[in-house]
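If you want the building blocks of each chain, they are given just below.
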Number of protein chains: 2
Amino acid sequence: MQPTQDILSEELKQTARFAKALGHPIRLAILELLNSQACCFHGDMAEILPVAKSTLSQHLKELKNAGLIQGNISSPTIKYCINRENFELAKQLLSSALK
Amino acid sequence: MQPTQDILSEELKQTARFAKALGHPIRLAILELLNSQACCFHGDMAEILPVAKSTLSQHLKELKNAGLIQGNISSPTIKYCINRENFELAKQLLSSALK
DNA sequence: TTCTCAATTCGTAAAAATACGATTGAAGAT
DNA sequence: ATCTTCAATCGTATTTTTACGAATTGAGAA
């Protein structure tokens, strides 16, 4: 075995993080919704997606942790948006991983 | 909640399966190795990647199940290769999910 | 201040992923 | 037929993921 850093580079780990975040149908559906601007609010998504609201919150949290989305308070709701910068980065990293 | 099939399409589920398979650093490293033709054999990979052989086998199995790689027996070893068709499909689906 | 509503967090359970060493299996070499 | 050798599978443990309903929080409305 070689030293970890040689093979498992930071770039590769970041790519894996993004891929993992994308690795669930619900989360992809969330991104699709946000990307199409069809909706931005937790409540609206909860009506469309076949999961409980608490589960939806968990998926939103994971996407936030991965940096793919962000939420802006717009009382009484929260407006979710794609984080374009990281979304682009994810696209780049994944497309380069699949080159 | 709407009927599942409307939102969670087969395409979206397939995309999630690919993304999930890509969502681990070791598996990305495997694909990188296979893609660069630097090596193709389980034993060679086991020397390079910082995991036990049995763990490596598990990751190879997951990549196989996802359709991203395939193994051809070449006694006494097994030659692993990228499954180009599905690799392309994954690239396509993911890039379209991140459009 | 109290009420209401949206969203998150908590508590919990079940399933899946990750990892390892030991064992087994399959194929060629002796 | 027996011995090697490579890789997969088994058995197991730990951690993470996924999911739900209940309880909490926070901000504006009454």
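Placed above this text is the structure.
Now for a quick tour of the structure. (Residues numbered from 1 in each chain as written. Chains lettered and ligands numbered in written order. Predicted model: local features only at pLDDT ≥ 70, side-chain atom pairs only at ≥ 80, totals over all residues. Heavy atoms only, no water.)

**Points about the overall build of chain A**
Along chain A, the regular secondary structure elements total six helices and two strands. Put simply, chain A runs from its N terminus to its C terminus through helices and strands in the order α-α-α-α-α-β-β-α. Considered along the principal axes of its C-alpha atoms, chain A spans approximately 50 × 25 × 20 Å. When contacts within chain A are restricted to residue pairs at least 6 apart in sequence, long-range pairs at least 24 apart make up 49% of them. Of the roughly 5200 Å² of accessible surface on chain A, 49% is carried by carbon and sulfur atoms. Separation of charge centres in chain A, based on 11 positive and 9 negative side chains, amounts to 3 Å. (Helix = DSSP H or I, 4+ residues; strand = E, 2+ residues; numbered from the N terminus. Contact = heavy atoms within 4.5 Å. Areas by Shrake-Rupley, 256 points an atom, 1.4 Å probe, with all protein chains shown as cover. Lys, Arg positive; Asp, Glu negative; His and termini not counted. Charge placed at Lys NZ, Arg CZ, Asp CG, Glu CD.)

**Observations concerning the protein's contact with DNA strand C**
Neighbouring DNA strand C are 19 residues, the closest being Gly43(A), Ser57(A), Tyr80(A), Gln58(B) and His59(B). Among the atoms of DNA strand C close to the protein, meaning within 4 Å, 63% are from sugar or phosphate groups. In this structure, a phosphate oxygen belonging to DNA strand C sits 2.8 Å away from a main-chain N or O atom of Gly43(A). Note that a phosphate oxygen of DNA strand C is positioned 3.0 Å from one of the side-chain N or O atoms of Thr55(B). (Near = heavy atom within 4 Å. Polar contact = N/O pair within 3.5 Å; in protein donor to acceptor, adjacent residues only side chain to side chain.)

**Points about the packing of aromatic side chains**
A full pass over the atoms with the stated rule returns zero aromatic pairs over all chains. A cation over an aromatic ring shows up here: Arg84(A) above the ring of Phe87(A), its NZ or CZ 5.4 Å from the ring centre. (Phe/Tyr/Trp six-rings, centres within 6.5 Å; stacked < 30°, edge-to-face > 60°. Lys NZ or Arg CZ within 6 Å of the ring centre and 35° of its normal.)

**Some thoughts on the protein's contact with DNA strand D**
Near DNA strand D there are 20 residues, and of these Lys20(A), Gln58(A), His59(A), Ser57(B) and Tyr80(B) occur at the shortest range. Each atom of DNA strand D within 4 Å of the protein belongs either to a base or to sugar and phosphate, the latter forming 68%. Within the side chain of Arg27(A), an N or O atom sits 2.9 Å from a phosphate oxygen of DNA strand D. Thr55(A) is positioned such that a nitrogen or oxygen atom in its side chain is 3.0 Å from a phosphate oxygen of DNA strand D.

**Description of the environment of Ile48(A)**
All names here are of chain A. Tracing the backbone through its elements, the reader meets Ile48 in helix 4 (residues 42–48). Looking at Ile48, the relative accessible area reads 22%, which means it is partly exposed. Note: C-alpha distance between Ile48 and Leu93 (45 residues apart in sequence) is 30 Å. (Buried < 20%, exposed > 50% of the residue type's maximum accessible area, 1.4 Å probe, protein only.)

**What to know about the packing of helix 3 (residues 25–35) of chain A against helix 5 (residues 53–65) of chain A**
Residues and elements named next belong to chain A. Closest axis-to-axis distance for the helix 3/helix 5 pair is 10 Å, and the angle between their directions is 75°. In terms of axis orientation, helix 3 runs roughly perpendicular to helix 5. Residues Ile26, Arg27, Ile30 and Leu31 of helix 3 lie in contact with helix 5, whose contacting residues are Leu56, His59, Leu60, Glu62 and Leu63. (Axes fitted to C-alpha atoms, helices over the stretch in contact; angles between N-to-C directions. Parallel < 35°, antiparallel > 145°, perpendicular 65-115°, else oblique.)

**Some words on the interface of chain B and chain A**
Residue-level contacts link 34 residues of chain B with 34 residues of chain A. When chain B packs against chain A, close to 2900 Å² is buried across both sides, 75% of that on carbon and sulfur atoms. At the surface where chain B touches chain A, the tally comes to zero salt bridges. Breaking the side of chain B that touches chain A down by element, the ones donating at least two residues are helix 1 (4–7), helix 2 (10–22), helix 3 (25–35), helix 4 (42–48) and helix 6 (84–97) of chain B. Per element, the largest residue contribution to the side of chain B that touches chain A is seven residues, and it comes from helix 2 of chain B. By residue class, the composition of the side of chain B that touches chain A is 22 nonpolar, six polar and six charged. (Buried area = accessible area lost by both parts, 1.4 Å probe. Salt bridge = Lys/Arg side-chain N within 4 Å of Asp/Glu carboxyl O. Nonpolar A, V, L, I, M, F, W, Y, C, P; charged D, E, K, R; others polar.)

**Thoughts on helix 2 (residues 10–22) of chain A**
The terminal C-alpha atoms of helix 2 of chain A lie 18 Å apart, and with 13 residues this matches the ideal 18 Å at 1.5 Å per residue to within 8%. Buried within helix 2 of chain A we find Leu12(A), Thr15(A), Ala16(A), Phe18(A), Ala19(A), Ala21(A) and Leu22(A). (Expected span 1.5 Å × (residues − 1).)

**Considerations on the side chain of His59(B)**
Looking at where His59(B) falls in the secondary structure, it is placed in helix 5 (residues 53–65). Contacts of His59(B), omitting those with residues within four sequence positions, involve His24(B), Ile26(B), Arg27(B) and Ile30(B).

**Considering the relation of the copies chain B and chain A**
In the superposition of chain B on chain A (RMSD 0.0 Å, axial shift 0.0 Å), the rotation amounts to 180°. On the angle and the small slide along the axis, the relation comes out as a two-fold axis. Counting the interface residues of chain B, we find that 100% of their copies in chain A are interface residues as well, pointing to one common contact surface. (Least-squares fit on C-alpha atoms with pLDDT ≥ 70 in both.)

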